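Examination of the molecular architecture
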Amino acid sequence: MSPKFDYIVVGAGAAGCVVASRLSEDPTLRVLLVEAGGTDRSPIIAMPAALPFAYQSRRIGWGYQSGPEPQLGGRAIDEKAGRVVGGSTSINAMIYNRGNPLDYEGWAADGLTDWDYAHCLPYFRRMETFADGTDQWRGGDGPMRISRCRAEHKLFDVFLRGGQQAGFEVTPDHNGYQQEGLHIAQSFIHGGLRWSAARGYLRPALRRPNLHVMSRTHVTRILINDGAATGIEVRHGGRPRRIDCDREVIVCAGALNTPKLLMLSGVGDPDELRRHGIDVVAEAREVGRNLQNHPGVDLQYAAAHGDSLTSQLGPIGRVTLTADWVLRRKGLGTSNFFEAGAFLRTRDDVAFPNMQYEFLPLTRQMKNGRLVPIPGFQLWMDLSRPESRGTVRLRSSDPADHPSIVFNHLKQPQDLRDLIDGVRLARTLIHQPAWDRYRGLELSPGPDVLSDRDIELFIRQRASTSYHASGSCRMGIDGHAVVDGDGRVNAVRRMRIVDASIMPRVITGNLNAPVLIMAEKISDRILRRPALPTSNAPFYRTTPA
Ligand SMILES: Cc1cc2nc3c(=O)[nH]c(=O)nc-3n(C[C@H](O)[C@H](O)[C@H](O)COP(=O)(O)OP(=O)(O)OC[C@H]3O[C@@H](n4cnc5c(N)ncnc54)[C@H](O)[C@@H]3O)c2cc1C
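Another point: the sheet that holds strand E5 (residues 128-130). Within the open sheet, the 3 strands sit side by side as E5-E6-E8. Their pairing is mixed. The outermost strands of the open sheet, each flanked by one partner alone, are E5 and strand E8 (186-187). Of the strand pairs in this sheet, strand E6 (residues 144-148) and E8 are connected by 2 bridges, and their pairing is antiparallel. Within the sheet, the bridge partner assigned to Ser147 lies in E8 and is Ser187.

This is the structure in structure tokens:
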């Protein structure tokens, strides 16, 4: 006889850690958290500078690819996602961005009225402890520890000055009143450690007797009887097993695996399910549709070795970095290196920054299958609010098969236009006087790539993503939406989805923080706790031309 639980949470990633932690605060509830991956107790996860090892590790990732991408010459693109306790928060780049207030205003304008900024901001405050202190935007006693990057390398300052010379503002807190402009970055790093959702939410909850965690356990199906979820089917130690629950199954498997799991459970587009011989349990045609991401490219410049961070990352530098981190949790090992960035607009007819830039004072290129730093600097730039939409579909009814993922990046002409203009804007930033002493040859796309046509070719050949899969089980108030505003699956009772898949529209920025607050907010709904009082903090907005 397997023990019975009130709630089963599938996936110990950003959302799953929050939901399991918040639900188990009520000692009368028995909560099971099930995770396909194993432990997150590893130095490549804990040490921020080990980030490239974390996200290139096959052991702790799903190893998915999207493609063939029709607009990108049929290329396949690595689409990383964490398969480990902490999920993608254990392998991500730790950049802390909340998105633009207008993202949430947009969700509300589409009918999700209690997802506007006034309702979301209190949850951002509840989720974080910001090292620089509290104000009406920032929180002081939440589980996630957020710090402002030290940005000590001289090129960070050059990046900000160059931006000002190009006519842009430096915003003092891009997660406060004003997102738009250039900024010193903030990160999910505290005490020299990656602050994953597992560290912030799950570990403190593990001592509770009413929370049970099963890792290395792959959920292969959600059991649905008479239109209601009653439990899950898992594979653990190579053997199948069923686990029942009394209240709800809460799916937090991420934007690629959640639609896959729903379809394997017979919830989806009937034609698609029948094609794979899966019995249709509930019709939900939008499962796996509306898939979004942030497509982008790197711009790379050479710089003198002494001017690039590579001068500190030679053999001796790496030994020092590791020793400093191991012995004192200090030094370069405590940095994710993404210590400055920008949210800018390439056109005046949008109300929000349509381009995000992340600046690195080194460049990285693939050598023998590994990303290695080379002297220079680079800007990663991506589209904040792409118009193109893709799909997650099944390849077969075998849960072990990877899903078929196609983002259709650049399908909408506006997306291509914006990326071309984004490349031009990046060059404008780097060609300001502040850069004159430091700017070497443009390595990528290269000085000869000047016309729209050539930039377009470069983008089609090189575009990749920020690993921000989202939207594949859309939340909405219309009949086609997969879930309602509380994450309840419309087609199946006693089942919710809480993760990046329910974002109706991808937000302007990185997704970790928004997913955490979505999980915080829906946890309150599950527990029938009153929502936090709304905020009246103002936010920056401009009127589009
Ligand atoms: C390489 C990378 C870099 C990123 N960088 C940043 C960044 O710097 N800043 C930022 O804000 N965001 C970043 N992100 C995005 C952010 O981490 C994710 O958007 C966020 O973690 C999504 O949360 P989630 O709960 O939807 O899914 P996840 O955090 O991915 O969690 C899903 C969990 O479900 C588990 N799971 C899936 N299927 C099953 C199953 N069938 N059975 C059992 N368990 C299952 C997975 O193993 C995983 O643990 C990055 C993502 C990646 C991959």
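Let us look at the packing of helix H1 (residues 14-23) against helix H13 (residues 512-526). The interhelical angle for the contact between H1 and H13, taken along N-to-C directions, is 30°, at an axis separation of 8 Å. Taken together, H1 and H13 sit at an angle that is classed as roughly parallel. For the pair H1 and H13, the sense of crossing is right-handed. Every residue of H13 that contacts H1 at Ala14, Ala15, Val18, Val19, Arg22 and Leu23 is listed here: Asn512, Val515, Leu516, Ala519, Glu520, Ser523 and Ile526. Of the residues that constitute the contact of H1 with H13, the class distribution is 9 nonpolar, 2 polar and 2 charged.

Inspection of the sheet shows strand E1 (residues 5-10) paired to strand E14 (residues 239-251) by 5 bridges, in the parallel sense. For Val9, the partnering residue across the bridge sits in E14 and is Ile250. In the sheet, strand E13 (residues 228-236) pairs with E14 via 6 bridges, with the strands oriented antiparallel. Its bridge partner being in E14, Arg235 is matched across the sheet by Pro240. If you look at the hairpin formed by E13 and E14, you'll find 2 residues sitting between the two strands, and Gly237 has a positive phi there, around 60°.

Cut-off values and rules
Residues numbered from 1 in each chain as written. Predicted model: local features only at pLDDT ≥ 70, side-chain atom pairs only at ≥ 80, totals over all residues. Heavy atoms only, no water. Pairing = 2+ DSSP bridges. Helix = DSSP H or I, 4+ residues; strand = E, 2+ residues; numbered from the N terminus. Axes fitted to C-alpha atoms, helices over the stretch in contact; angles between N-to-C directions. Parallel < 35°, antiparallel > 145°, perpendicular 65-115°, else oblique. Left-handed = near helix turned anticlockwise from the far one by under 90°. Contact = heavy atoms within 4.5 Å. Nonpolar A, V, L, I, M, F, W, Y, C, P; charged D, E, K, R; others polar.

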